[in-house]
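Read off the chains here:
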Amino acid sequence: MALSHRYDAIIVGAGLNSLACAVHLCAKGWRVGVFEQAATAGGAVKTAELTAPGFRHDWAAMNLSLFAGSAFFKLYGDDLVTRGLEFAPVSHCFASVFDDGRWMGVSTGPGETRARIAAFSDADARAWDRLNADFPGTAEYVFALLGNSMQMHVQGRLLAKALLRKGFSWTADLVRLLVSSPRKWLSETFESDQVRATMAAWGMHLDFAPDMAGGAVFPYLEAMANQNFGMVIGKGGADTLTRALVARVEATGGEVHCGKRVARVLRAGGKATGIALEDGSEITAGRAVIANVAPGGLMTLLDGQSGDAVFDTKMARFTHAPGTMMIHLALDGLPDWTASEELKKFAYVHIAPSLDQMARTYQQAVAGQLPDEPVLVVGQPTAIDPSRAPNGKHVLWVQVRMVPGEIRGDAAGIITDTGWPTVKEIYADRALDMIERHAPGLKAKIIGRTVVSPLDLEADNPNLVGGDQIAGSHHLSQNFLFRPALGHATGKTPVDRLHLTGASVWPGAGTGAGAGFMLAQKLGGK
Ligand SMILES: Cc1cc2nc3c(=O)[nH]c(=O)nc-3n(C[C@H](O)[C@H](O)[C@H](O)COP(=O)(O)OP(=O)(O)OC[C@H]3O[C@@H](n4cnc5c(N)ncnc54)[C@H](O)[C@@H]3O)c2cc1C
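Each value, and the rule that gives it
- Residues numbered from 1 in each chain as written.
- Predicted model: local features only at pLDDT ≥ 70, side-chain atom pairs only at ≥ 80, totals over all residues.
- Domains from an automatic or database assignment.
- Contact = placed C-beta atoms within 7 Å.
- Nonpolar A, V, L, I, M, F, W, Y, C, P; charged D, E, K, R; others polar.
- Near = placed C-beta within 6 Å.
- Helix = DSSP H or I, 4+ residues; strand = E, 2+ residues; numbered from the N terminus.
- Expected span 1.5 Å × (residues − 1).
- Buried ≥ 20, exposed ≤ 12 C-beta atoms within 10 Å, placed from the backbone.
- Pairing = 2+ DSSP bridges.
- Axes fitted to C-alpha atoms, helices over the stretch in contact; angles between N-to-C directions.

Chemist: Help me understand the domain arrangement of the protein chain, please; the structure alone is not making it clear to me.
Modeler: The extent of an interface is frequently quoted as the accessible surface area lost upon association of the parts. Under the domain assignment, the protein chain is made up of domain 1 (7-87 + 237-318 + 471-524), domain 2 (108-229) and domain 3 (322-460). Averaged C-alpha coordinates put domain 1 and domain 3 at centres separated by 29 Å. Counting from both sides, the interface comprises 11 residues of domain 1 and, opposite them, 16 residues of domain 3. Grouping the amino acids of the side of domain 1 that touches domain 3 by side-chain chemistry returns 5 nonpolar, 4 polar and 2 charged.

Chemist: Please explain the site of the ligand as it appears in this structure.
Modeler: Among the 38 residues in the neighbourhood of the ligand, the closest are listed as Gly-13, Gly-15, Gly-43, Ala-44 and Gly-502. Contributing elements (two or more residues each) for the shell around the ligand: helix H1 (16-27) and strand S13 (323-331). Tallying contributions element by element places H1 first for the shell around the ligand, with 3 residues. A breakdown of the residues in the shell around the ligand according to their chemical character gives 20 nonpolar, 16 polar and 2 charged. Looking at the shell around the ligand, you find at least three residues from each of domain 1 (7-87 + 237-318 + 471-524) and domain 3 (322-460).

Chemist: Help me understand the environment of Pro-353, please; the structure alone is not making it clear to me.
Modeler: If you trace the backbone, Pro-353 turns up in the loop between strand S14 (348-351) and helix H14 (355-366). Spatially, the C-alpha atoms of Pro-353 and Ala-200 are 9.8 Å apart, while their sequence positions differ by 153 residues. Residues contacting Pro-353, with those up to four places away along its chain left out, are Phe-98, Asp-99 and Ala-197.

Chemist: Would you explain H14 in this entry?
Modeler: An α-helix turns once every 3.6 residues. As a result, residues three or four positions apart point the same way. Taking 1.5 Å of rise per residue, 12 residues should cover 16 Å, and H14 covers 17 Å from first to last C-alpha, within 8% of that figure. Three or more residues of H14 are buried, namely Leu-355, Gln-357, Met-358, Thr-361, Tyr-362, Gln-364 and Ala-365. Against helix H8 (182-189), helix H9 (193-200), strand S15 (369-370), strand S16 (375-379) and strand S17 (394-403) lie the buried residues of H14. Backbone geometry just downstream of H14 places Gly-368 in the positive-phi region, at approximately 85 degrees.

Chemist: So what exactly am I meant to see when it comes to the sheet that holds strand S6 (residues 92-97) here?
Modeler: Strand pairing in a sheet relies on backbone hydrogen bonds. The paired strands run either parallel or antiparallel. Taken together, 7 strands build an open sheet; the order of strands is S7-S6-S14-S16-S17-S13-S19 and the sheet is mixed. In this open sheet, the two strands that pair with only one neighbour each are strand S7 (103-107) and strand S19 (446-452). Within the sheet, the average angular offset between the axes of one strand and its neighbour, ignoring direction, is 15 degrees. Bridging between S16 and S17 involves 5 bridges; their strand directions are antiparallel. Looking at S17, one finds that Gly-379 is bridged to Trp-397.

Chemist: Help me understand unusual backbone geometry in this model?
Modeler: With the exception of glycine, most residues fall at negative phi, and the peptide bonds are largely trans. Residue Met-402 is reached from Arg-401 by a cis peptide bond, and omega for that bond is -20 degrees. Here the residue pair Trp-506 and Pro-507 is connected by a cis peptide bond, since its omega of 5 degrees sits within 30 degrees of zero. In this structure, Pro-507 sits in the loop between strand S20 (498-500) and helix H18 (514-524). Positive phi, close to 50 degrees, is recorded for Asp-303, a residue that is not glycine. With respect to the helices and strands, the residue Asp-303 is situated in the loop between helix H12 (295-301) and helix H13 (309-317). Notably, Ala-471 is not glycine yet its phi reads approximately 50 degrees, a positive angle. Mapping Ala-471 onto the fold places it in the loop between helix H17 (454-460) and S20. Residue classification places Ala-471 among the buried residues on the basis of 29 C-beta atoms within 10 Å.

Written as C-alpha cells, this is what we have:
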C-alpha cells in the first residue's frame, strides 16, 4: 500500500490497541496511517505455521475472551464478523494437575465445576455457590472499573454509585478484594490447597504471584467469568481478529504499513507533527501521533527527552515484569493426561501445583534465576478448534512462567550457560519433562517444535522488554491511576498531540483493546 502522507493521525505499531484506535478514528472521519516495524500486523496477536506445514500456532495471545467481552467489540463486533472474525467457544476452560495424580478444572456446565470442587472440600463447594450468587452484582462494578477511563471524575462517579446503591460495607469489601493478594483472598475463601492453587494460577498469567497485593481480582474474575461465560479463542488462530481489524481499517480509509520501524517522533513548537521512519523518510500528521509503545520505547522516539523532566523520570522508573518463554509443538495427538481423560477437553491445563511453588518460581525469575520448576500453562487450542492442524493432529501452546530476561543462574543448579540462544532449548526440555510426568508419552508425539525465548519475544516486538508479556508490571504501584504513571493513565504526554497507548497504559495488558479504544473516543468522540 502506498503512503498517503496526508494523515490526521499516525499510529506507531499495529498491535490490537492501535488497530482498535484506528478503527474508531476512521469511523469518525480521520485519515489514519498505522506504521508497524514487524513484517505483519497484530503485535502479540499473530498466528503462523511455526513448526510444520499445516500447523497454525498462536505466536503469543491465544485467549480472546477479553476482546469478545469488550466495549469495542460491542460497537464493532458485527462488522468485524462480516470481515472474517470468528471465535471458537470454549466450555472446558482451565484445569490444574497435581503431583498426587488428582486434578481440578473449571467448566461452564451446570454443577460440573461444583462437583469437582466438592471432591476436594464440601465447604469449598459451598463457597463456590456463594461466589457465583454474588458474581453478577460484583461483576457490574469490577467490569465498569476496568472498562472505564482512569480519570477521577469517571471512577469517582462509579465509587459514589457503589456507595449509594450497595452501601459502605459492600463497597469496602470490594476495595479489599481489589487490593488483596491472591493468597490472602484464596485462603479466606477456600480451604483446599488444590482449589486455591487452581485459581491462583491465573495470577501468574500476569505478574501476580500469590503474595502480591492487588492480584486477587484476576483469579477471581477468571474463575467466575469462565464458569459463567466460558472463553473464546480465534477460529483458525488468534489472527482472525487481527485480519478483520486490518480489513476494517483499510475499508474505511485507513492504512496499515508493515516493515516500517518508526525511529523518532517529529516535533515543532512543543507539538508532535509526525514521525521519521528508520529509512529516513518523514511523514506528517495533522492532529495526533499515537505511540503504542512501552515507556522506554516512547523515550527512544523522543530522543530521550520529552521536554518535561518529571515525566521523563516517571517513564524511566516504569518497571517490567519477568519474562515468558513459549514452546510451540506440533503433535501426533493430545497429551495423555494420567489424571483424567477429561483433561483433553480443556483449553488450558496448568502445571502450578501449589501457592508456594508459584511464589518460589516468581521470586527465582525476579532474581535472574531459571526457576527449578516453572509454572506451565499448557494450551490445547486444537482440543477446541481442530482446524488449526491437519486431520487428527494437534498443536500445543506452552507458556513457561516466569523466566528472567537476563539469566544470572539456574535455581536447579544444572544449567551453567547464561545465553538464551543456547539455554532456550535446554530449558524447554525441563518444561517438557514436567509435562511428561503428568502425560507420559508426550515427547514421542512431537512432530515439530519451536522454542521462543524472552529475547525472541522482544526481538519480534520491542514492547515486550525482557520477554515481559504484559508490557510492564501490573503491581499496584503501576496499575489503576499509576499506569504507566500518575497523570498519564489516559495516555496523555507532555508533548502536545502526542499520545501513548497500548498495554503499558490503563487498563493494561490483554486482548480487551481498552487503552486504544478509550483514547480514540477521547480524541474522536464517542
Ligand atoms: C506470549 C504472550 C501471550 C499472551 N497471551 C494472552 C492471552 O492469551 N490472552 C490475553 O488476553 N492476552 C494475552 N497476552 C497479552 C496481550 O496479547 C497483549 O497485552 C496485547 O495484545 C497488547 O496489545 P497492544 O496493542 O497493546 O500492543 P502490542 O501487541 O505489543 O503491539 C505493539 C506493536 O507496536 C510495534 N512497535 C513497537 N515499537 C515500534 C516502532 N518503533 N515502530 C513501529 N512499530 C513498533 C510492535 O512491533 C508491535 O507490533 C499475551 C501476550 C504475550 C506476549
